Amino acid sequence: VIAGARKGPWTLAANLNVDWVVSGPDHGPPDLQLATKLGYSLDKDTSIGVESYNALGTTHRLSRFADGDHQTFLVMDRGFGRWDLNLGVGYGYGAPEDRWIVKLIVGVPIGS
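Residues numbered from 1 in each chain as written. Predicted model: local features only at pLDDT ≥ 70, side-chain atom pairs only at ≥ 80, totals over all residues. Heavy atoms only, no water.

In this section: the environment of Asp 43. Among the secondary structure elements, Asp 43 is positioned in the loop between β3 (31-41) and β4 (46-58). Overall, Asp 43 belongs to the partly exposed group, its relative accessible area being 41%. Distance in space between the C-alpha atoms of Asp 43 and Lys 103 is 22 Å, their sequence separation being 60 residues. Within the local environment of Asp 43, its side chain forms a polar contact with the backbone nitrogen of Asp 45, the two atoms lying 2.8 Å apart. A polar atom in the side chain of Asp 43 sits 2.8 Å from the backbone nitrogen of Thr 46. (Helix = DSSP H or I, 4+ residues; strand = E, 2+ residues; numbered from the N terminus. Buried < 20%, exposed > 50% of the residue type's maximum accessible area, 1.4 Å probe, protein only. Polar contact = N/O pair within 3.5 Å; in protein donor to acceptor, adjacent residues only side chain to side chain.)

Below, the structure written as structure tokens:
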């Protein structure tokens, strides 16, 4: 589920992720994660912003905020024709901690 709003150059969005194991020995209830983003458009192809990813627990038991895995990123989004690039530098906190993180997501056009 993704929800968002735009006002002028600003974008605010939230995404609830539900993850589960489809095979292997580690079966359990689905995990929940809330991802949020606040972005500012510099031009039609480039924006900068802050993204946050927060573990909420499982569908059977929500966890305390301090017990979950959390990351906050400074990000840049850039369009290159039909391709997209999301580059971010972030920091993990909570438990378990990831500390410093660099992420790169390339959006590849599929179909026409």
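And the narrative resumes.
By the secondary structure assignment, Lys 103 is in strand β7 (residues 100-107). Within the local environment of Lys 103, its side chain forms a polar contact with the side chain of Glu 51, the two groups lying 2.6 Å apart. Here Lys 103 is in contact with Glu 51, Tyr 53, Phe 73, Val 75, Asn 86, Leu 87 and Gly 88, once residues within four sequence places are set aside. (Contact = heavy atoms within 4.5 Å.)

This next bit is on the packing of aromatic side chains. Overall, the coordinates contain 3 aromatic pairs when judged by the stated rule. For the pair Trp 10 and Tyr 40, a centre-to-centre distance of 4.8 Å together with 65° between the ring planes defines the contact as edge-to-face. Here Tyr 40 lies in strand β3 and Trp 10 lies in strand β2 (residues 10-19), a separation of 30 residues in the sequence. Under the relative-accessibility criterion, Tyr 40 is labelled partly exposed at 31%. The interplanar angle of 85° and the centroid separation of 5.7 Å between the aromatic rings of Tyr 53 and Phe 73 together place this pair among those described as edge-to-face. Within this pair, whereas Tyr 53 is found in strand β4, its partner Phe 73 is found in strand β5 (residues 69-80), the two being separated by 20 residues in sequence. Residue Phe 73 is classed as buried on the basis of its relative accessible area, which comes to 5%. Sitting over the face of the ring of Phe 80, Arg 78 holds its NZ or CZ atom 5.3 Å from the ring centroid. Of note, Lys 103 hangs over the ring of Phe 73, and the distance from its end group to the ring centre comes to 5.3 Å. (Phe/Tyr/Trp six-rings, centres within 6.5 Å; stacked < 30°, edge-to-face > 60°. Lys NZ or Arg CZ within 6 Å of the ring centre and 35° of its normal.)

Turning our attention to the side chain of Asn 86. Note that Asn 86 resides in strand β6 (residues 83-94). On the basis of relative accessible area, Asn 86 is assigned to the buried category, the value being 8%. At 2.6 Å, the side chain of Asn 86 and the side chain of Asp 77 are in polar contact. Beyond its immediate sequence surroundings of up to four residues, Asn 86 is in contact with Lys 37, Glu 51, Val 75, Met 76, Asp 77, Lys 103, Leu 104 and Ile 105.

Let's shift gears to the pattern of salt bridges. Summed over the entire model, instances satisfying the criterion amount to 4 salt bridges. With a shortest N-O distance of 3.2 Å, Lys 37 and Glu 51 are connected by a salt bridge. Of this pair, Lys 37 sits in strand β3 while Glu 51 is found in strand β4, placing the two residues 14 residues apart along the sequence. For the salt bridge of Asp 77 with Lys 37, the shortest nitrogen-to-oxygen distance reads 2.2 Å. Remark: Lys 37 occurs in strand β3 and Asp 77 occurs in strand β5; sequence separation between them is 40 residues. With relative accessibility at 17%, the residue Asp 77 sits in the buried group. (Salt bridge = Lys/Arg side-chain N within 4 Å of Asp/Glu carboxyl O.)

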